[in-house]
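Below, each chain spelled out in residue letters.
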Amino acid sequence: MNFNILLTLAVLTCLVGLALRLYAWFSQGIHPPSFSISPFQRLTWALQAVVATLFSGKVISLIKSIFTDLLFQKRIMQKSLLRWTAHSLIFAGFILLLLMHAMESVISANLFTNYVSTLNPYLFLRNLFGVMVIAGIGIAVFRRITLKSKRLISYNSDWAALILVGVIILSGMLLEGSRISSYTVFQSMMEEYGAFDEAEAANVEAFWVAENGLVSPNISGQIPAAQIELGREANSFSCIECHASNSSAFASYSLKGITRPFAMILGDSTAVGLFYFLHVLFCLTFLAWLPFSKMFHIISAPVSLLSRSVVGPGAQELEENEGPGLANTLTSQMVGLSACTHCGSCSTECSSSMFFESFKNDFILPSEKMQFLKHLAAGNPIDPQTRKQLQEGLYVCTSCDRCTEICPSGINLKGIFINARYALLEDGIPEKTLISHFSFPLALAQRYPDSHLKALKAVEEIFRRTFQKLTDLALPLSLSPAGGMLNDSYKSCYSCQRCTNICPVVRSYSNPVESLDMLPHQLIYSLGIGNSEVAMGSQMIWSCSTCYLCQEHCPNQVELTDIFYNLKNAALKKIDSGERS
């Protein structure tokens, strides 16, 4: 099967895959069963939104996002320099190879005057870009192995993507290495471009054996230095015009020795043909596989990041029951699901990670939920056991938004998870949502029964107006007799701080004091000085996972979790007594 047939099959497969992906963008989504909008209508509204953006002031945000998010990958660099290095090396190296080498007849030949692929700097740059990709893959593999203990789960598809990109680069280097040492290739080049007499040809051949990596059946043993110099002189008059020294291809030149056993067994010409076939096969496999794999993020992640730059970081809950707003939210959802690279950044930052360590349910981790929610969006049947685990993973989520903030693809994970909760609730299951993080703010706010985010914001506003945080106090704290608490076991505290040291919620934040206002032992201290108002205004009591670890490990039997319950009840009574507005 020749190259053109293989290329045609690969391109057709890729186009079919892209068409299926685009159809999924505009036909699927995580929403209650009652919603129904045609794909054509969703496509129309999406195009209208794009046109409206291009002819508005938001186009400046788009341009800024192209440089900061796409080219410089600012979101990855802010969270992990190691991952940014790996991704940048792979991204830059692969794209530059694609443009300069794979598309040389279209781009390089038209962009650079007198472009010749075997001259420098192109010969050197081709190897440099390939080494960049290999180095990036090496760092990515190191990261996946070393971060396994930090809840980074790798699928076979993750390894397959790294392996396929790696073998494309390595097979290209081996192909070039086999050509460097091939006598058949040298002969062909001399016949086509050389204009030497017999003696000059022999000297050039000796020079290429000595300094260009050629393996000649005519030369063995030590070559006289004088002959090498004569060959160098002849080479400089003719060959150097279209061929730089092979040592410029430093990576391929170093790997040429690996190809020699194949040349000795198969023959010189056949070995070159074998490496050419493998390189082309891997490249075309990648092209055909792209839309069906995580590598589709090459297309969908930029769309997701640009969309986020226009829409903003706010969660996109289904706030409208019909119209363009709903349609574009569903389309944005699908773009986000296809942009997920399963990098695991969200899982390493998840504030519910302590539940994953306890329940051993992979769906508690954001990255694992994202992989399976693609099936929910597609309407695929889900078996009862898997559905139960998915529900548990969705309702354990605290909607803290850390996954959305860290996502390098700009995916609104929080919005997708909330929509999935509503979709499952509309499906008639399960009742336990009524006693979860999901239902708590809905009931507390006593309004917005269909909008988790609006209810959550309303509750936050109520507490912000009702209580002061420790950092907001204008006057210094004063000591007063403790009282008003039904549980007075806090009086036994002797300040060891073990409760704070063992708290999984505290451990899940890089700066817990800033995020939680007060730490568990500080809450107990505030009760000790008679200031329960400060304790009730702390985010800590509402972030408590009620795991009882603090209470179980307190050496003086202070019943911290029960005290936190008392504080929450007291806060609610205070609000219900007339301070709610």
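Refer to the structure above for everything that follows.
The structure reproduced in this document is the subject of the present report. (Residues numbered from 1 in each chain as written. Predicted model: local features only at pLDDT ≥ 70, side-chain atom pairs only at ≥ 80, totals over all residues. Heavy atoms only, no water.)

Moving on to the environment of Arg-75. Here Arg-75 shows up in helix H4 (residues 74-79). Here Arg-75 falls in the buried class, since its relative accessible area comes to 14%. Sequence separation of Arg-75 and Ile-406 is 331 residues, and the distance between their C-alpha atoms is 7.3 Å. Setting aside its immediate chain neighbours within four residues, Arg-75 contacts Asp-69, Leu-305, Arg-308, Thr-404, Glu-405, Ile-406, Cys-407, Pro-408 and Gly-410. Within the structure, the side chain of Arg-75 is placed 3.3 Å from the backbone oxygen of Thr-404, a separation counted as a polar contact. A polar contact is formed between the side chain of Arg-75 and the backbone oxygen of Glu-405, at a distance of 3.2 Å. (Helix = DSSP H or I, 4+ residues; strand = E, 2+ residues; numbered from the N terminus. Buried < 20%, exposed > 50% of the residue type's maximum accessible area, 1.4 Å probe, protein only. Contact = heavy atoms within 4.5 Å. Polar contact = N/O pair within 3.5 Å; in protein donor to acceptor, adjacent residues only side chain to side chain.)

Below, the discussion takes up the side chain of Ser-304. Take Ser-304: it is sitting in helix H14 (residues 297-311). Using a relative accessible area of 6% as the deciding quantity, one classes Ser-304 as buried. Among the polar contacts listed, one links the side chain of Ser-304 to the backbone oxygen of Ser-409, at a separation of 2.8 Å. Once residues lying within four places of it in the same chain are set aside, the contact partners of Ser-304 are Val-335, Ala-339, Ser-409, Gly-410 and Ile-411.

Bringing helix H3 (residues 59-71) into the picture now. Its 13 residues place the ends of H3 17 Å apart at the C-alpha level, agreeing with the 18 Å of an ideal helix rising 1.5 Å per residue. In H3, a bend of some 35° at Ser-65 exceeds every other bend along the element. All of the buried residues along H3 are Leu-62, Ser-65, Asp-69 and Leu-70. (Expected span 1.5 Å × (residues − 1). Bend = angle between axes of the 7 residues up to and from the residue.)

Once that is clear, we can look at the packing of aromatic side chains. What the rule picks out here adds up to nine aromatic pairs. An angle of 75° between the planes, with centres 5.3 Å apart, marks the rings of Phe-262 and Phe-275 as edge-to-face. Highlighted residues: Phe-262 in helix H12 (residues 250-266) and Phe-275 in helix H13 (residues 268-289), separated in sequence by 13 residues. According to the relative accessible area criterion, Phe-275 is buried, its value standing at 5%. Through pairs of rings, three or more aromatic residues link up here, namely Phe-112, Tyr-115 and Tyr-122. One Lys or Arg, Lys-369, reaches over the ring of Phe-417 and ends 4.7 Å from the middle of that ring. (Phe/Tyr/Trp six-rings, centres within 6.5 Å; stacked < 30°, edge-to-face > 60°. Lys NZ or Arg CZ within 6 Å of the ring centre and 35° of its normal.)

Spatial relationships are all this shows, so hold off on functional conclusions.
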